[in-house]
Amino acid sequence: MTAMVKAEGIHKRFGRLEVLKGIDLEVQRGEVMCMLGPSGSGKSTFLRCINHLEKINAGRLYVDGELVGYREKDGKLHELREREVIDKRAQIGMVFQHFNLFPHMTALENVTLGPVRVLKLSREEARKRGRELLARVGLDDKVDTYPVALSGGQQQRVAIARALAMAPKLMLFDEPTSALDPELVGDVLDAMRQLARDGMTMIVVTHELGFAREVADTVVFMDEGVVVEAGRPEAVLGNPQHERTRTFLSKVL
Amino acid sequence: MATSELTKRGTGRPDEIKAVPVRHPGRWIAAVIVLWFAAAAIRSIVTSKGFEWNIVGQYLFDHRILHGMLATIYLTVLCQVIGVVLGVIAAVMRLSPNPIVSGVSWLYIWFFRGTPLLVQIVFWYNIASLFPTITLGVPFGPAFVHGSANTIITPLVTAALGLGLNEGAYMSEIVRAGIISVDEGQTHAAQSIGLSRLQIMRRIVLPQAMRVIIPPTGNETISMLKNTSLLVAASYGELFFSAQSIYDVNYRVIPLLIVASIWYLVMTSVLYVGQYFIERRFGRGFTRAERATMRARWIGFANRGAAGV
């Protein structure tokens, strides 16, 4: 069976700045991978490459066995048209550090927008599923609330429901709890834990070592655009082999 | 003292504070001075012979004036709609990654913002001398309309071209500012659920940009209403033209200008009220306590006056 995500020698530059310097990774179906590392190490950029919000400069990136953003024909790469990129992107859910809920829409409208406009579900069907998803993240009483009247933790859970509404095969989390007050982190992590138990393939950029230790199947430590260390959480977190990993962990703890 | 009061009552809420407010005699003195000057100004306006208030009353509901007013309203709506549509198109073009597309938009904005509106109107009015015949159709392709410029460029077309094209240039800058004001994260989130560029613009960016776009657009509409009076140069029969054609005959210039001004004030006042409701509509989801109404402000003023808060 093919891996859900397969990265081979990914390079990404912003102008002269090389952010990713050859990333090789594999994420299997149903696996939860947590990515750790200091800010600026390229974790978020890597996530954004996976759903082609950023174009990579070198290497090959596959999601579900298919090349991201390109089609390979006769040994040549052809850029995909916008429609094709969008179709693939819609199958990958993404949750952002700053939630990025649509402020002019209620929680339910946020959740149903994609299903109605992209998946072309009927409004009633989308609303029914939207309510179920909001209930799943514990927000059945906030259906008609605008984001501004929700706490950060509630907003982030709506954002998770919004991503799940597209029935994604892969979920990307970009520091989902970094912008939250400490007492609100737990609810968001609970929702993610539930998702992992349900068998969702997840890549989580996070600083929550407890969550990584408990939920992750693989932990990856990145620094300065390369993967320094990867493996089982108890190995990487409990017995790091590299000096840089040890230094980072001692600072985070 | 207060503490003993509290301890005496033991549990329960302490009393609401009822303090003697600080007095502000300065505010009262300033108000009296301003009112005194205002009263003097009103007295001179009402009693001065030159205003000829009886003539004002006589012509206020004259059918020619009311007719001109209807034309003014019609023109304002028409030209503002043209301006908004052109403005959105020009703004989206301006933000296009294609340098030709954005360059053309820049040129349009540069030209129409850089020349006086009155000059533009007179220019369109005299376009017949530049292009005696006009053909509308696909460039280098089939024509749909063909004829003498004098028959095609009616005063109404002059008005729509002059005011509409000019307004489009100003509106595009307003729309562009609105689009830029929307956080980039919104676009990222919309992309991640698979919306297309057009859908993102229509469903996510523009509705949020509205909050920034609406207040200046209200101002633009009010300006537009007043700028329709410039069409007097194109002999279009709007409100000012009607007033002018009456005083050209009876020489009652001042009273008829007052008549026109009264109606302009009435119309702009209606627009102010409309703007308030539209702003409230598009402010949804941005503020929790968004009902800072005029009423609340007046009550606030009264409270300040009485309690000195």
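Let us look at the structure shown here. (Residues numbered from 1 in each chain as written. Chains lettered and ligands numbered in written order. Predicted model: local features only at pLDDT ≥ 70, side-chain atom pairs only at ≥ 80, totals over all residues. Heavy atoms only, no water.)

## Comments concerning helix 2 (residues 82-89) of chain A
Part 1 of the argument: Of all the residues in helix 2 of chain A, the buried ones are Val85(A), Ile86(A) and Arg89(A). Projected down its long axis, helix 2 of chain A carries its buried residues within an arc of 100 degrees, all on one side. (Buried < 20%, exposed > 50% of the residue type's maximum accessible area, 1.4 Å probe, protein only. Helix = DSSP H or I, 4+ residues; strand = E, 2+ residues; numbered from the N terminus. Arc of directions from axis to C-beta.)

## Here's the deal with the layout of surface pockets
The method is simple in principle: a probe with the dimensions of a water molecule rolls over the atoms, and the space it marks as empty is what remains.
Part 1 of the argument: Roughly 1,000 Å³ of volume is contained in the largest pocket.
Part 2 of the argument: Contributing elements (two or more residues each) for the lining of the largest pocket: helix 2 of chain A together with helix 9 (155-181), helix 10 (184-192) and helix 11 (197-227) of chain B.
Part 3 of the argument: Looking at the lining of the largest pocket, the element that brings in the most residues is helix 11 of chain B, giving six residues.
Part 4 of the argument: Across the lining of the largest pocket, the residue classes tally to 15 nonpolar, six polar and 10 charged.
Part 5 of the argument: What the second largest pocket holds in volume is close to 490 Å³.
Part 6 of the argument: Around the second largest pocket, the lining is made up of 15 residues, and of these His104(A), Met105(A), Glu109(A), Leu113(A) and Arg203(B) lie nearest the centre.
Part 7 of the argument: Secondary-structure elements contributing two or more residues to the lining of the second largest pocket are helix 3 (107-117) and helix 4 (123-136) of chain A together with helix 11 and helix 13 (253-282) of chain B.
Part 8 of the argument: For the lining of the second largest pocket, the element with the highest residue contribution is helix 3 of chain A, accounting for five residues. (1 Å grid on protein atoms, 1.4 Å probe; cavity = no way out; pocket = protein on both sides within 12 Å on 5 of 7 lines; lining within 4 Å. Points joined across faces, edges and corners; volume = space filled by probe spheres on them. Nonpolar A, V, L, I, M, F, W, Y, C, P; charged D, E, K, R; others polar.)

## Quick look at the side chain of Asp62(B)
Part 1 of the argument: In this structure, Asp62(B) sits in the loop between helix 3 (53-60) and helix 4 (63-94).
Part 2 of the argument: A polar contact is formed between the side chain of Asp62(B) and the backbone nitrogen of Arg64(B), at a distance of 2.8 Å. (Polar contact = N/O pair within 3.5 Å; in protein donor to acceptor, adjacent residues only side chain to side chain.)

## Description of the sheet that holds strand 5 (residues 66-67) of chain A
All names here are of chain A.
Part 1 of the argument: Judged by pairing direction, the sheet is antiparallel, and its four strands sit side by side in the order 2-1-4-5 without closing on themselves. If you trace the sheet from one side to the other, it starts and ends with strand 2 (17-27) and strand 5, each paired once.
Part 2 of the argument: The sheet contact formed by strand 1 (residues 5-14) and strand 4 (residues 58-63) spans five bridges and is antiparallel. Bridge pairing in strand 4 links Glu8 to Arg60. (Pairing = 2+ DSSP bridges.)

## Comments concerning the pairing of strand 10 (residues 202-205) of chain A
All names here are of chain A.
Part 1 of the argument: Of the two faces of strand 10, the one lined by Met202 and Val204 and the one lined by Ile203 and Val205 are each fully buried.
Part 2 of the argument: Sheet topology places strand 9 (residues 170-174) next to strand 10; four bridges connect them, and they run parallel. Residue pairing for strand 10: Asp174 is matched across the bridge by Val205.
Part 3 of the argument: The β-α-β motif built from strand 9, the intervening helix 6 (residues 182-197) and the parallel element strand 10 has right-handed crossover chirality. (Right-handed = clockwise from strand over helix to strand, strands pointing away.)

## Thoughts on the sheet that holds strand 10 of chain A
Each strand in a sheet pairs with another by means of backbone hydrogen bonds, the pair being arranged parallel or else antiparallel.
All names here are of chain A.
Part 1 of the argument: Taken in spatial order, the six strands line up as 8-9-10-3-11-12 in an open sheet, and their pairing is mixed. The open sheet has two free edges, formed respectively by strand 8 (92-95) and strand 12 (226-231), since each of these has just one partner strand. For this sheet, the mean inter-axis angle between neighbouring strands, taken without regard to orientation, is 15 degrees.
Part 2 of the argument: Across five bridges, the pairing between strand 11 (residues 218-223) and strand 12 is antiparallel. Bridged to Val220 within strand 12 is Ala230.
Part 3 of the argument: Running over the sheet, helix 1 (residues 43-50) touches strand 3 (32-36), strand 8, strand 9, strand 10 and strand 11 and is turned about 150 degrees from strand 9.
Part 4 of the argument: Where helix 6 meets the sheet, its contacts fall on strand 3, strand 9 and strand 10, and the angle it forms with strand 10 comes to roughly 155 degrees. (Axes fitted to C-alpha atoms, helices over the stretch in contact; angles between N-to-C directions. Contact = heavy atoms within 4.5 Å.)

## With respect to the packing of aromatic side chains
Residues and elements named next belong to chain B.
Part 1 of the argument: Applying the stated criterion to the full structure yields nine aromatic pairs over all chains.
Part 2 of the argument: Summarising the aromatic geometry, the rings of Phe51 and Trp53 are spaced 6.0 Å apart at their centres and angled 20 degrees between planes, so their arrangement reads as stacked.
Part 3 of the argument: Classification of Phe51 by relative accessible area gives partly exposed; the value is 26%.
Part 4 of the argument: By relative accessible area, which is 36% here, Trp53 ends up partly exposed. (Phe/Tyr/Trp six-rings, centres within 6.5 Å; stacked < 30°, edge-to-face > 60°.)

## Topic: unusual backbone geometry
Part 1 of the argument: Unlike most non-glycine residues, Phe99(A) shows phi in positive territory, near 65 degrees.
Part 2 of the argument: For Phe99(A), the position within the fold is in the loop between strand 8 and helix 3.

## Considering empty space enclosed by the protein
Residue and element names in this part refer to chain A.
Part 1 of the argument: Applying the stated criterion across every chain yields a total of one cavity of 30 Å³ or more.
Part 2 of the argument: Reported here for the largest cavity is a volume of approximately 60 Å³.
Part 3 of the argument: Lining of the largest cavity is provided by Arg136, Val137, Ile160, Leu164, Ala191, Gln194, Leu195 and Asp198.
Part 4 of the argument: Elements that contribute at least two residues to the lining of the largest cavity include exactly helix 5 (152-164) and helix 6.
Part 5 of the argument: If you tally residues by element for the lining of the largest cavity, the top one is helix 6, at three residues.
Part 6 of the argument: When its residues are assigned to classes, the lining of the largest cavity shows five nonpolar, one polar and two charged.

## Things to note about the pattern of salt bridges
Residue and element names in this part refer to chain A.
Part 1 of the argument: Enumeration according to the criterion identifies 23 salt bridges over all chains in this entry.
Part 2 of the argument: Arg71 is the salt-bridge partner of Glu84, the closest N and O atoms lying 2.4 Å from each other. Here Arg71 lies in strand 6 (residues 70-73) and Glu84 lies in helix 2, a separation of 13 residues in the sequence.
Part 3 of the argument: Glu84 gets classed as partly exposed once you look at its relative accessible area, which sits at 22%.
Part 4 of the argument: Overall, the relative accessible area of 37% leaves Arg71 in the partly exposed class.
Part 5 of the argument: Where Arg83 meets Asp87, a salt bridge forms, and the shortest distance between an N and an O atom there is 3.3 Å. (Salt bridge = Lys/Arg side-chain N within 4 Å of Asp/Glu carboxyl O.)

Remember, this is a structural readout, not a statement about activity or role.
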